[in-house]
Each structure stands twice: as C-alpha cells, then as structure tokens.
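Structural features, examined
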Amino acid sequence: MPGIVFYGAMALGLGLLIPLGKAEGPHSIGLRFVAGAAFLLLGLYAAMVLLALPLRLSVLIIGALSAAGWVRAFLGQTAIDAHEAVLHPALVLPVVAAVVASVYGRIDYIPYLVDEFTNWIGVSRVIHWAGSYEAVRETVYLPGYTPGWRLLLLAPWQITGEIDHGLSAAAPFVLHVAVLALLYDITVIMIAPQIGRAHV
C-alpha cells in the first residue's frame, strides 16, 4: 500500500502542478495523471543523472513539487470537480488496490528471470547502495538502458532507507492506472455530447 500511495500521490501531484491551457477542464484528471507520471520519471532522470544530485535529495525536491501541485488543487486553481474526482478511476483503482494490499498485509514482489533482475531491480539496488547514479554509471550493466525506470523503482527506498521490492512493484501498477484514467477521460469527453449530458 505505501508504494501505491507514494507513486500515485507523486504522479498526480506533479500533474496538478502543470497548467494545461485549453486541455484544462473537468475531465482532465487522466491527462494530469499521465503527465505527472511522465514528469516524475523525467524529473528523477534529470535530477539524478543530468544534475548528479544525491538520490534522497532528488526525491525530496520532486516530492516538494508534487506537494505544491496538491496545494494548487486544494486552493481551487484547477478545473477538477471534487465530485468527479471521487468516482474517477484515477482514485478508485488505487484505493481498491490499497484495500486489497491491506487485506493481504502488503504488496510483495520477487524478481525473477535475468532481464528483470539484472536490468531493473538489480541495478536499482546497486544505485541505491552507492547513493547516486553517477557513482555507478561506468560499472553497471548497460548504463544507458532505461536509467529513468531504474531510478523510478528505487525512488521510494529513499524515503524508507530500505530496499523493498514491494514498494517498487507499485510503479507499473500506478502507470497503468494513469493510462486507464486518461482513456476514461477521453471516453467520457467523446460520449457526453452524444447522450446530451454535460457531465457523465
């Protein structure tokens, strides 16, 4: 459950910070979620790889930006309707997953197969132990292979200080929820005029 909260809150918070211009509207939660997830990934990459900031500092800076997005939403500076948000898949699916995780105690994940361990979690662990991406850039297997993904998987470890594969397992789930939320918004925008309702 903490992994779902971490990735979901970070991504949606970053999405809430982004001014959408003409795309701003009551059905923009999915777009904000996808954009926030993309900016989370890009922000971690920029902070840890391009700027060579320490891992924990990078996560804290991005967390502060995400918190600013949530503040912006609570101050009413977005066009998101609170009633719509409560029943939106962007919030419903993570809540259901969190309840299921709570019933079973936690999300657990055991990496298997060479590619999954070597290129994803294995390298994330090495980067975490070293304290920065720069410290291991020349020693990890395929250093240019999706470094943003590796950094995304280790991001929650910077809060807890411990390697927890279960926290990392929530990352792909939250990314899938973001895409489903975007598809939901697109569907609602297309269907609403056909059935003559302003809000579906």
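These figures come from a predicted structure and were not determined experimentally.

Quick word on the overall build of the chain
- Within the chain one finds 9 helices and 0 strands.
- In the chain, the order of α-helices and β-strands from amino to carboxyl end is α-α-α-α-α-α-α-α-α.
- Looking at the chain as a whole, 42% of its 200 residues are labelled buried.
- Accessible area of the chain: about 10400 Å², with a carbon and sulfur share of 72%.

Overview of the packing of aromatic side chains
- Counted according to the given criterion, the structure contains 2 aromatic pairs.
- Considering the side-chain rings of Phe 6 and Tyr 7, the 5.2 Å spacing of their centres and the 80° angle between planes classify their relative orientation as edge-to-face.
- On the basis of relative accessible area, Phe 6 is assigned to the buried category, the value being 14%.
- Relative accessible area serves as the criterion here: at 2%, Tyr 7 is assigned to the buried category.

Section: the pattern of salt bridges
- Inspection of the entire model under this criterion finds 1 salt bridge.
- A salt bridge links Arg 137 to Glu 134; its shortest N-O distance comes to 3.9 Å.
- On the basis of relative accessibility, which here comes to 25%, the residue Arg 137 falls in the partly exposed class.
- Its relative accessible area of 41% is what places Glu 134 among the partly exposed residues.

Comments concerning the side chain of Ser 66
- Topologically, Ser 66 is positioned in helix H3 (residues 55–74).
- Residue Ser 66 is classed as buried on the basis of its relative accessible area, which comes to 3%.
- Once you skip the residues sitting within four places of it in the chain, Ser 66 turns out to touch Ala 9, Met 10, Gly 13 and Leu 14.

Considerations on the packing of helix H1 (residues 2–17) against helix H9 (residues 165–195)
- For the pair H1 and H9, the least separation of the axes is 8 Å and the interaxial angle reads 50°. One way to sum up the angle between H1 and H9 is to call them oblique. In terms of crossing hand, the pair formed by H1 and H9 is right-handed. In this structure, H1 uses Pro 2, Gly 3, Ile 4, Tyr 7 and Gly 8 to contact H9, whose residues at the interface are Leu 167, Ser 168, Ala 170, Ala 171, Phe 173 and Val 174.
- Counted by class, the contact of H1 with H9 contains 8 nonpolar, 3 polar and no charged residues.

Remarks on the environment of Pro 156
- For Pro 156, the location among the structural elements is in the loop between helix H7 (147–154) and helix H8 (157–160).
- Each C-alpha atom of the pair Pro 156 and Arg 56 lies 9.3 Å from the other, and the pair is 100 residues apart in sequence.

Focus: unusual backbone geometry
- In this model, Ala 52 sits at a positive phi of 55°, which is unusual for a non-glycine residue.
- Classification of Ala 52 by relative accessible area gives partly exposed; the value is 40%.

Concerning the nonpolar core
- Core analysis: the largest hydrophobic core is formed by 41 residues, its most contacted members being Tyr 7, Phe 33, Leu 40, Leu 44, Ile 127 and Leu 151.
- Broken down by secondary-structure element, the contributors of at least two residues to this core are H1, helix H2 (29–50), H3, helix H5 (89–104), helix H6 (114–130), H7 and H9.
- The element contributing the most residues to this core is H1, with 8 residues.

Notes on the confidence of the model for the chain
- Residues at a pLDDT of 70 or more form 88% of the chain, whose mean pLDDT is 84.
- Averaged over each element, pLDDT in the chain is lowest for helix H4 (residues 82–86) (73) and highest for H3 (93).

A short note on H7
- For H7, a buried count of 8 out of 8 residues is recorded, marking the element as mostly surrounded by other parts of the structure.
- Taken together, the buried positions of H7 are Pro 147, Gly 148, Trp 149, Arg 150, Leu 151, Leu 152, Leu 153 and Leu 154.

A few points about the packing of H7 against H9
- It is the contact of H7 with H9, at a shortest axis distance of 7 Å, that shows an interaxial angle of 115°. Packed against H7, whose contacting residues are Trp 149, Leu 152 and Leu 153, the element H9 presents Ser 168, Ala 171, Pro 172 and Leu 175 at the interface.
- Across the contact of H7 with H9, the residue classes tally to 6 nonpolar, 1 polar and no charged.

Rules used throughout
- Residues numbered from 1 in each chain as written.
- Predicted model: local features only at pLDDT ≥ 70, side-chain atom pairs only at ≥ 80, totals over all residues.
- Heavy atoms only, no water.
- Helix = DSSP H or I, 4+ residues; strand = E, 2+ residues; numbered from the N terminus.
- Buried < 20%, exposed > 50% of the residue type's maximum accessible area, 1.4 Å probe, protein only.
- Areas by Shrake-Rupley, 256 points an atom, 1.4 Å probe, with all protein chains shown as cover.
- Phe/Tyr/Trp six-rings, centres within 6.5 Å; stacked < 30°, edge-to-face > 60°.
- Salt bridge = Lys/Arg side-chain N within 4 Å of Asp/Glu carboxyl O.
- Contact = heavy atoms within 4.5 Å.
- Axes fitted to C-alpha atoms, helices over the stretch in contact; angles between N-to-C directions.
- Parallel < 35°, antiparallel > 145°, perpendicular 65-115°, else oblique.
- Left-handed = near helix turned anticlockwise from the far one by under 90°.
- Nonpolar A, V, L, I, M, F, W, Y, C, P; charged D, E, K, R; others polar.
- Core = buried A, V, L, I, M, F, W, Y, C linked by side-chain atoms within 4.5 Å.
- pLDDT = per-residue confidence, 0-100.

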